[in-house]
Amino acid sequence: MLVIELAALLHDIGDYKYLTDPSEEDIVENFLEEEGLEEDKKMRILSIIKRMGFKDELAGLVTGENSLEFGIVQDADRLDAIGAIGIARCFAFSGSRNKALHNPAILPRSDLSKDQYMKKEDQTAVNHFHEKLLKLKDLMKTEAGRKRAEKRHQFMEEFLNEFYEEWEGRA
């Protein structure tokens, strides 16, 4: 449980999306060392954190050879990204990065590579649903994650249908 809890709590610390200084990349590893965590647990935590991002799945770096600990932490993170709270988080994050809510002239990118996903191109909050969020349901690693993802995924689809109707003046 300690490995799961620490990986879940620390996984966004040092994430490329939030870094302002590349020297902060090793902040989690340094923290775990300073806390005197056993080497085996430290390495399992770092392994989970370093491989759990969506960008890594796009690059084929996440394979079927993952531990249950990895699956639990990754599924929990992805469940946070979908459903009602996921929708709120998407719009809040996009707003914090000055991204447009929606622009029909900017189409979602399909068949994204890791490099394309990480580029800071002009994209919209709504496109993020198509590029990532609606794909997460099928990427869940645990049975519990898959069950919870179904309902949240359906809610996002209903939300987008309503959003497009309102945007186009049909609702």
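Because the structure is predicted, anything quoted here is derived from the model rather than measured. (Residues numbered from 1 in each chain as written. Predicted model: local features only at pLDDT ≥ 70, side-chain atom pairs only at ≥ 80, totals over all residues. Heavy atoms only, no water.)

Before going further, it helps to spend a moment on the packing of helix H5 (residues 68–81) against helix H6 (residues 83–96). Two elements in contact, H5 and H6, have axes separated by 6 Å at closest approach and are oriented at 75 degrees. By the angle between their directions, the pair H5 and H6 is classed as roughly perpendicular. Residues Asp-77, Asp-80 and Ala-81 of H5 lie in contact with H6, whose contacting residues are Ile-85, Gly-86 and Arg-89. Classifying every residue of the contact of H5 with H6 gives two nonpolar, one polar and three charged. (Axes fitted to C-alpha atoms, helices over the stretch in contact; angles between N-to-C directions. Helix = DSSP H or I, 4+ residues; strand = E, 2+ residues; numbered from the N terminus. Parallel < 35°, antiparallel > 145°, perpendicular 65-115°, else oblique. Contact = heavy atoms within 4.5 Å. Nonpolar A, V, L, I, M, F, W, Y, C, P; charged D, E, K, R; others polar.)

In this section: the side chain of Asn-127. For Asn-127, the location among the structural elements is in helix H8 (residues 125–131). Once residues within four sequence positions are removed from consideration, Asn-127 is found in contact with Ile-106, Leu-107 and Pro-108.

Another aspect to go through is the pattern of salt bridges. According to the stated counting rule, one finds ten salt bridges in the structure shown. Of the charged contacts in the structure, one is a salt bridge between Asp-40 and Arg-44, with a shortest N-O distance of 2.9 Å. Of this pair, Asp-40 and Arg-44 both sit in helix H3 (residues 39–51), separated by four residues, roughly a single helical turn. One salt bridge in this structure joins Glu-69 and Arg-44, with 2.5 Å as the shortest N-O distance. Highlighted residues: Glu-69 in helix H5 and Arg-44 in helix H3, separated in sequence by 25 residues. Using a relative accessible area of 30% as the deciding quantity, one classes Arg-44 as partly exposed. One salt-bridge network, held together by shared partners, links Glu-33, Glu-39 and Lys-42. (Salt bridge = Lys/Arg side-chain N within 4 Å of Asp/Glu carboxyl O. Buried < 20%, exposed > 50% of the residue type's maximum accessible area, 1.4 Å probe, protein only.)

This structure, assessed with the given rule, holds six aromatic pairs. Measuring from ring centre to ring centre gives 6.2 Å for Phe-159 and Phe-163, while their planes differ by 35 degrees; the resulting arrangement is tilted. Linking Phe-159 with Phe-163, this pair stays in helix H9 (residues 143–167), spanning four residues, or about one helical turn. Here Phe-159 falls in the partly exposed class, since its relative accessible area comes to 25%. A relative accessible area of 12% means that Phe-163 is categorised as buried. Both rings, one in Phe-163 and one in Tyr-164, keep their centres 5.9 Å apart while their planes meet at 80 degrees; by these two values the pair is edge-to-face. By the ring-pair criterion, three or more aromatic residues cluster together here, those being Phe-91, Phe-129, Phe-159, Phe-163, Tyr-164 and Trp-167. The ring of Phe-70 carries Arg-51 above its face, with NZ or CZ at 4.5 Å from the centroid. (Phe/Tyr/Trp six-rings, centres within 6.5 Å; stacked < 30°, edge-to-face > 60°. Lys NZ or Arg CZ within 6 Å of the ring centre and 35° of its normal.)

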